[in-house]
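Below, each chain spelled out in residue letters.
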Amino acid sequence: MRRSEHAQADEPPGSAAPGKARKRVVIAVAALLTAGVVGVSLAGVRSGGKPSGAAASGAPRVSTVAVVRTDLSSTLSLNGTLGYGRTVSVKGGKDGLVTQLPAVGAKVSRGRSLYRLDDRPVPVFYGTTPLFRPLDTRGLMGRDVKVVADNLRALGYDIGAQPASGSWVAQRPEPTGAASASPSSSPSASPSPSYVRVKPGEGVLTASLIAAVGRWQTQVGMPSTGVLGAGDVAVLPGEVRVGAVQAQPGDPATGTLMSVTGTAKSVSVPLDATDVDSIQQGDKATVTLPDNSEAHGTVSAISTDAQAADQAGGDSGGTPQLVVTVSLDGTAALRRLNSAPVQVQFTGQTKKGVLAVPVGALLALSGGGYALQLPGGRLLAVETGMFAKGLVEVSGTGITAGTKVATAS
């Protein structure tokens, strides 16, 4: 079977097209059925490769090409959007009035103030667990405590040693104000401590950590109480870029204040959930920008929750889609753009040193499979492999690099 000149190069050939352009294929199949062997001559083709008779006006021009040994890579081209990645909404964590907000495009890192609430700074801490309670009792433990400990340590504060995971920590309830003020109180009346085991991923509020919190509060302009609670810091995954500001100074801090993203540019690509196996994390990608310049990147993440196409940013109707994130190598062209529609070409499987011919050299056999035609008309059965950039991987008896075969053009 010969491919028409309008066929897609990266797909295997389909059924023969109607009309005279396929007459040569029909003759080949008839010859195979008659002879019952692969080695036959195609009627209607002269030794010079020119079709005779009525076939001359409509048949594709036939030429010869050599089998080559080369490297083939499968590719997939999809539409994507250049931007700063996933958007995160920032809400105020406690009552109060917003007195200062950042500018759109501002970048805020660990320890820096993201906004001001009642004219007090709300700094950024990195992590995944927001503060949800007052951290005011020595021996208190949890993931929120670890967020505080990790960030203060990263900011250069001495927080002392943290109890290791699996160790036992004494938690002694503090006496109530009434009990501590009572003349009849005595050390023997103090509540007995309870012992709690530190779980993986938890921090412990030690005396050293409480002292470090107080020193840090003084440094950033917060009241130096040694206590942190919900809404005192904004816990975010890392350094952020302010993408939009929804609130205004004077607004209550209980609603959405702003939306932020990461600071590194990336490309988001909607992918049909049925094609998820075609792209893997770590695959290389080439991104074509609106000015036709190119940037290179790597697949850094593939979402696991399929969404409707309109939610994933795609246009495949009702087909559920995932989002592929491509992290980019920096280029001058990228620095000039904050967002843009782009074309993304993913490089998939690569086969090195395989034998290949143009897709137009394949002939479909009536019993299934494919063959290549030698200049003299004889057919050699072949197994096909990868299709890429107009070439197809072939193998079979008698097929070597340099073998001349006929191809439609």
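(A) Summary view of the overall build of the chain. A count of helical and extended segments in the chain gives 6 helices and 24 strands. For the chain, buried positions account for 38% of its 409 residues. Nonlocal contacts in the chain, meaning residues at least 24 apart in sequence, comprise 69% of its contacts between residues at least 6 apart. Just so you have it, the chain exposes about 21,200 Å², and 51% of that area is on carbon and sulfur atoms.

(B) Inspection of the packing of aromatic side chains at higher detail. This structure, assessed with the given rule, holds 1 aromatic pair. Judged by centre distance (5.1 Å) and plane angle (45°), the ring pair of F125 and W216 falls under tilted. One end of the pair, F125, is in strand β7 (residues 120–126); the other, W216, is in helix α4 (residues 207–220), with 91 residues separating them in the sequence. Assessed through its relative accessible area of 0%, F125 is described here as buried. Taking relative accessible area as the criterion, W216 reaches 2% and is therefore assigned buried.

(C) Fine view of helix α2 (residues 143–154). Compared with the 16 Å implied by 1.5 Å per residue over 12 residues, the 16 Å span of α2 between its first and last C-alpha is a close match. All of the buried residues in α2 are D144, V145, V147, V148, A149, N151 and L152. Check the buried side of α2 and you find it contacts β7, β8 (141–142), β11 (203–204), α4 and β12 (234–236). Immediately downstream of α2, the backbone of G156 shows phi near 95°, a positive value.

(D) Representation of the sheet that holds strand β6 (residues 113–117) within the structure. The strand order β4-β6-β7-β12 describes an open sheet built from 4 strands, whose pairing is mixed. Strands with a single pairing partner mark the edges of an open sheet, and in this sheet they are β4 (98–100) and β12. With direction set aside, neighbouring strand axes in the sheet form an average angle of 35°. Here 2 bridges tie β4 to β6, and the two strands are oriented antiparallel to one another. Bridge pairing in β6 links V98 to L117. Contacts between α2 and the sheet are confined to β7 and β12, with β7 contributing the most and set at about 95° to the helix.

(E) Structural view of the confidence of the model for the chain. Residues of the chain with pLDDT of at least 70 account for 78%, and the chain-wide mean is 82. Counted against residues more than four places away or in other chains, residues 1–57, with its pLDDT under 50, gives 93 contacts. The low-confidence segment residues 175–185, where pLDDT is below 50, has 3 contacts with residues more than four positions distant or belonging to other chains.

(F) Looking closely at the sheet that holds strand β5 (residues 107–108). Across the sheet, which stays open at both edges, the 4 strands sit in the order β3-β14-β13-β5 with antiparallel pairing between neighbours. The sheet is open, and its two edges are formed by β3 (88–91) and β5, each paired on a single side. Of the strand pairs in this sheet, β3 and strand β14 (residues 256–261) are connected by 4 bridges, and their pairing is antiparallel. Paired with V88 across the two strands is V260, which belongs to β14.

(G) The arrangement of the environment of T137 in detail. By secondary structure assignment, the location of T137 is in the loop between β7 and β8. Take T137: its relative accessible area is 27%, and that puts it in the partly exposed class. On a C-alpha basis, the gap between T137 and Q171 in space is 8.6 Å, while along the polypeptide they are 34 residues apart.

Calculation notes
Residues numbered from 1 in each chain as written. Predicted model: local features only at pLDDT ≥ 70, side-chain atom pairs only at ≥ 80, totals over all residues. Heavy atoms only, no water. Helix = DSSP H or I, 4+ residues; strand = E, 2+ residues; numbered from the N terminus. Buried < 20%, exposed > 50% of the residue type's maximum accessible area, 1.4 Å probe, protein only. Contact = heavy atoms within 4.5 Å. Areas by Shrake-Rupley, 256 points an atom, 1.4 Å probe, with all protein chains shown as cover. Phe/Tyr/Trp six-rings, centres within 6.5 Å; stacked < 30°, edge-to-face > 60°. Expected span 1.5 Å × (residues − 1). Pairing = 2+ DSSP bridges. Axes fitted to C-alpha atoms, helices over the stretch in contact; angles between N-to-C directions. pLDDT = per-residue confidence, 0-100.

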